[in-house]
Amino acid sequence: MRKKQSKKIKQKKSQKTKRKDTIYLVPHTHYDAVWVFTKEDYFYINIDLILKKAIELIETTDYKFLIEQTFLLEKIENRNPKLFSKIKKFIQQGKIEIADGEYLMADTMLANGETLVREILFGKKYLKEKFGIDVPVMWGADSFGYNAQLPQIYKKSGYKYFAFRRGADKKKFSEFYWKGLDGTKILSHWMPKGYRAGLDLQKLRKSYKELKELAATSHILMPSGSGVTPPQPETSDEVEKWNKKYKDAEMKISRSVDFFKAMEKEARKQKLEIRKGELYSGKFSEVFPDCASTRIWIKQGTRKYENLILTCERWAVISYMLSNKNNYPSDELRESWRDILFLGFHDVLPGTGIDDCYPEVKEIFRQLKNEISEISEESLANIAKSLKVKANIIVFNPLGFEIKNWTEIELNFERGKIKAIKGLKSNKEEIEVEILQSVRHEDYSLRKVRIGFVATVPALGFQTYKVLTRKPQLKKTSVYLKNNGNIIKNSFFKFKVNPENGLIDIYQKGKWIAGGNSLVLEEELGDLYYHRQILDEPFKTEGGDGIKYGSFKVKKFEIKESPIRTVIKIKGGYLSLRWPYRLLHKMKPLLWRHKFFSFAKEIIIYKDIPRIDFTTLIDNQHPHIRARVRFFTDIKSKKYNCESQFGVVERATNQHYAKQNKEWKEQPSGIFPSLNWIDYSDKNKGLTVINAGTPENEIRDGNIYLTLFRSVQMVSGDGKMGPTVPVPDAAEFGKHCFYYSIFPHQKDWKQASSFVKAYESSFRPKALQLPFENNDDSDSNKKSLPSEMSFLEIKPNNIILATLKKSEKDDEIILRFFETKGEKTKTEITLFKKPKTVKIVNLLEQEEKEIDFQGEKIKMEVKPFEIVSLKIGF
């Protein structure tokens, strides 16, 4: 009897000490810069119909509100200073919370890692200057998944907490520590009901029970809003009703940071789970992997200008350092970066908006082309002038390691100056050239000539060349290029091409490595968000697979040889009908009809470079197709590697065959995005595929697929991901040009340094013609110094240069790099002049500590996948 009474007393005590839940209702709206309305529509909706109403509620009730992105705040500051003043007041009073705080909420899977850093840097700098605040909460309301380096990026950008909607692969618990590739952890909360958990004020109890079931603590985050949804005036009344009616949980109109602080305090008393890797699962929320091939021209252009502006910054810094620090184009680069950051927005770069959103993107591309080209050319010319370089040609390498890469330049000469170009001479060697095009004066001297050659250039530096009118004296070397019909051999591999269908085979050490470059046309019944098909086979492949009626047909095949490279050109198309189309083992087709898809391919094999370059020009008039290029291998590995932002991730192959589960929001398809490259290898051999803005890939049955484009015509075909708005521009009719490369190699990607070949392909050298001084190799030219120079070298080559820029605050220089093999590395950085100070800074360029250096050299140990930023004073 006493035992039963004792048990009851303990139960009562337990009930009394049981923690009461706290619900943090966070009113907000998700801001889309563009999507199913235009940019101006969204300005009107968000400023006049949402924020003005939110301010009225804040002024008259205990209402609070969350704003995400500074792009919108900048527009309010310019258009409505009175409203901006009120927003500022309520931010400083804690009634308006800024969470996320980026310039624009980026797509974190497709944008360059440095673009993600600048989104945060621009946003947080603005918030500090205008409101005097920092932002501790990264609010991932709608980005389509999250790359594996974001914990490090966020923590090094001053964030303490991360709330997100898409990509979680586990349902319970909704709170956990997310661990990045380098080991950095950030306290995170997955929004199980998205950002609309508290949107329906009549269903708060239902939402609470669902969220409580998944919560790790007694603190419940309940976002109350949606995209372009106005505030609800009855919110305060409903919260008051709740607190009167229910005693098991107190509800507060709150800020996300209040939730995190309370949750963090309680979570310290328990062990939260640690989850590692990218958040890119469709199990509980959609991440839309097929967006990686929607409106492919946006991906191509964005990648191009991301790479160009990063290159431009590097040369602008060197020019600035050589010119007494008076010519850095800060304002021009800042405006160009603003354009890049708009491109990185999560409905711009994925291409998931209506057609009316994208004429602005084309205009941005035109502006960036002019602006970046002008800054780059001026910087490079200034470098040559500052160093008094005298030569015919100067070639610049934007990478942090020495390169050997194909280079082209157009040279112009006065009448009578040059009659022939037979080679080039650097201080080290004489090399061969290929004449690509030429125009002559009346006296037959060269007026304009375009040449190509393989340049060897020091790390982030230049190499000069003089024109040779005689045959160059070549060094003896084991490097060779031999052509025998459709078989090409160099010192790296044997290459074979089939003239009938244009398909290739590659051999190393007598063994087949890979083959293909086969176009694959598939049925496309999807929309901007998803690929869908009914057929279980392609329309057709260049190898002959697919529906019997149509076929690819090669119209023209030619091989052009030069001493330094071989170029294979193939023209043809896909015809939807041939006759006869039965008994093809007995009869050859005689009639070909209905050509809506034509192509021109160029394949380049070099003498001195182990990479194979491809250009595929497609003229598409075929609706409802997905066009991919396929490479074959006999590799059986269950995993492959993809370059991600500031690192590399491992992914599973053959996900196309994954068992379908009706409970998943989005079934696995095997489709993934990458940055510059993917690699499929085993311990003995592998193939690296390098893209130039075609990020979507899949590995299935040993085949590597790179998606070129998808032809679709609806925002959302079923109305689930958005309205059923036609988007005829997304049909991708017209001409498209695709650049990609492959690197066949022995052993795995780390041992083969696949990333080096990828960066050489993505960041090509730039050649300029200097004022013509002399075209021979006499002793007088030996006075032209320097003939080569490195401004910055980073060793070893797994430490990748990410950024070289001027500091946002002062005249010092920001150098950022990262480790890419996942290995602890002793790093040596060599500068072209001795610094005065070297400090480690975070991604906001805030100083953390000084480090030692010796002369022009900085030595330090870098952790696996670590991103390091240095601030260097000269």
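Preceding block: the structure.
Residues numbered from 1 in each chain as written. Predicted model: local features only at pLDDT ≥ 70, side-chain atom pairs only at ≥ 80, totals over all residues. Heavy atoms only, no water.

Asks: Is there a simple way to explain the packing of aromatic side chains in this structure?
Replies: The relative placement of two aromatic rings is captured by the distance of their centres and the angle of their planes. Applying the stated criterion across every chain yields a total of 46 aromatic pairs. Summarising the aromatic geometry, the rings of tyrosine 24 and phenylalanine 259 are spaced 5.9 Å apart at their centres and angled 70 degrees between planes, so their arrangement reads as edge-to-face. Taken together, the residues tyrosine 24 in strand 1 (residues 21-30) and phenylalanine 259 in helix 9 (residues 256-267) connect sequence positions 235 residues apart. With a relative accessible area of 4%, tyrosine 24 lands in the buried category. Centre to centre, the rings of phenylalanine 162 and tryptophan 178 are 5.4 Å apart; their planes meet at 25 degrees, and the pair counts as stacked. With phenylalanine 162 in strand 5 (residues 161-164) and tryptophan 178 in strand 6 (residues 175-179), the pair connects residues that are 16 residues apart, well separated along the chain. In terms of burial, phenylalanine 162 and tryptophan 178 fall into one category: buried. Taking the ring centre of tryptophan 297 as reference, the NZ or CZ of lysine 362 above it sits at 5.2 Å. (Phe/Tyr/Trp six-rings, centres within 6.5 Å; stacked < 30°, edge-to-face > 60°. Helix = DSSP H or I, 4+ residues; strand = E, 2+ residues; numbered from the N terminus. Buried < 20%, exposed > 50% of the residue type's maximum accessible area, 1.4 Å probe, protein only. Lys NZ or Arg CZ within 6 Å of the ring centre and 35° of its normal.)

Asks: Quick question: what am I supposed to make of the sheet that holds strand 15 (residues 434-440) here?
Replies: One open sheet holds the three strands; their spatial order is 12-16-15, and the pairing between them is antiparallel. In this open sheet, the two edge strands, each paired with only one partner strand, are strand 12 (403-412) and strand 15. In this sheet, adjacent strand axes meet at a mean angle of 15 degrees when their direction is disregarded. (Pairing = 2+ DSSP bridges. Axes fitted to C-alpha atoms, helices over the stretch in contact; angles between N-to-C directions.)

Asks: Help me understand a negative patch on the surface, please; the structure alone is not making it clear to me.
Replies: There is a patch of like negative charges on the surface, built from Glu332, Glu371, Glu374, Glu377 and Glu378. When residues of the negative patch are assigned to their parent elements, the largest contribution, four residues, is made by helix 12 (residues 359-386). In this fold, glutamate 378 is placed in helix 12. A relative accessible area of 55% places glutamate 378 in the exposed class. (Patch = residues over 30% accessible without salt bridge, like charges linked within 9 Å, V, L, I, M, F, W, Y side chains within 5 Å. Areas by Shrake-Rupley, 256 points an atom, 1.4 Å probe, with all protein chains shown as cover. Salt bridge = Lys/Arg side-chain N within 4 Å of Asp/Glu carboxyl O. Lys, Arg positive; Asp, Glu negative; His and termini not counted. Charge placed at Lys NZ, Arg CZ, Asp CG, Glu CD.)

Asks: How should a nonpolar patch on the surface be read in this particular structure?
Replies: On the surface, a cluster of nonpolar side chains totalling about 350 Å² of accessible area is made up of Trp579, Leu590 and Leu591. Checked against the element boundaries, tryptophan 579 lands in strand 25 (residues 565-579). Of the residues examined, tryptophan 579 reaches a relative accessible area of 49% and is grouped as partly exposed.

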